[in-house]
Each structure stands twice: as structure tokens, then as C-alpha cells.
Amino acid sequence: TYLNTIIHIRDGFENKVAMSESMSESMSELMSELERARMQVVLGYLNGNKKINSVIAAELLGVEVKTASRLLSKAEKLEILKGEGKTKNKVYSVL
């Protein structure tokens, strides 16, 4: 839900996930503010876990699986995350 999303976003910012300078620049320049906030939550999750898929990301973010999938795919194109596998079984990890 919306409230859970806000709490997760705040948790992501409080964890202050370590990002490389290039990762931070890619997120700042090529992602909307909402995408950046959601990506912080995803990176916070990946700080404690090795991999994430669109179903887990959707649950964390309180969005549809397709929305989470688009975010993860965009992060892969921006070389923030590395994707492995095909469509429905695709998992992502930090580069």
C-alpha cells in the first residue's frame, strides 16, 4: 500500500546505500524523482540480499509487477544493476 511504500522509501534513505559515483550520476540524470526513490528501496534490499526479481521488487515498492519490471530493466540499461536469465525468471544484482 501507499503507506508501506513511504515507510520503505524512508528506510532506503536511512540505510544510505553506498553507491558508486557513476551509479549516482546515472540515477540523477536519467531517472525521475519517483524512480530514484524506488531505486533506493531496491538498492537497500540488495544491500542485504544478493539478488532481486520483479515480484520481490513489486512487493517492496507496493506497485504492480510490470512497473517493478520496467524499473529493474531501466536500471540494467543504465548499468546500475546486472540482469541474469530470461523474462519471467530474470533476477538482478548490483554490478
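Along each chain, the written sequence defines residue order, and numbers are assigned to residues from 1. For a predicted model such as this one, the threshold for reporting local features is a pLDDT of at least 70, and the threshold for listing and counting side-chain atom pairs is 80 or more; totals across whole chains, interfaces and linings nevertheless cover every residue. Water and hydrogen atoms play no part in the side-chain values, which are based on all heavy atoms of the structure.

A.B. asks: Explain the nonpolar core here, please?
C.D. replies: When a protein is soluble and globular, its nonpolar side chains tend to lie buried together. Core analysis: the largest hydrophobic core is formed by 20 residues, its most contacted members being Met31, Met39, Val42, Ile52, Leu72, Ile80 and Leu81. Counting residues per element, the ones that place at least two in this core are helix 3 (33-48), helix 4 (54-61) and helix 5 (65-77). Secondary structure elements are defined from DSSP: runs of H or I of at least 4 residues count as helices, runs of E of at least 2 residues count as strands, and each element is numbered from the N terminus. A total of five residues in this core trace back to one element, the largest contributor, which is helix 3. Residues belong to one nonpolar core when they are buried, are Ala, Val, Leu, Ile, Met, Phe, Trp, Tyr or Cys, and are joined through side-chain atoms within 4.5 Å. Relative accessible area decides the class of each residue, using a 1.4 Å probe on protein chains only: under 20% of the type maximum gives buried, over 50% gives exposed, and in between gives partly exposed.

A.B. asks: I tried to follow helix 3 on my own but got confused; where do I start?
C.D. replies: A helix is expected to span 1.5 Å for every residue after the first. The end-to-end C-alpha distance of helix 3 is 24 Å, a good match for the 22 Å that 16 residues give at a rise of 1.5 Å each. Those residues of helix 3 lying buried are Ala37, Arg38, Met39, Gln40, Val41, Val42, Leu43, Gly44 and Leu46.

A.B. asks: How should the pattern of salt bridges be read in this particular structure?
C.D. replies: Note that side chains of opposite charge can pair when their charged atoms are close. The term salt bridge refers to a pairing of a side-chain nitrogen on Lys or Arg with a carboxyl oxygen on Asp or Glu at a separation within 4 Å. Inspection of every chain in the model, using the stated rule, returns four salt bridges. The partner of lysine 90 in a salt bridge is glutamate 76, and the shortest N-O contact between them spans 3.0 Å. In this pair, lysine 90 sits in the loop between strand 1 (81-84) and strand 2 (91-94) while glutamate 76 sits in helix 5, placing the two residues 14 residues apart along the sequence. Under the relative-accessibility criterion, glutamate 76 is labelled partly exposed at 23%. Through salt bridges that share partners, Lys51, Lys82 and Glu84 make up one connected network.

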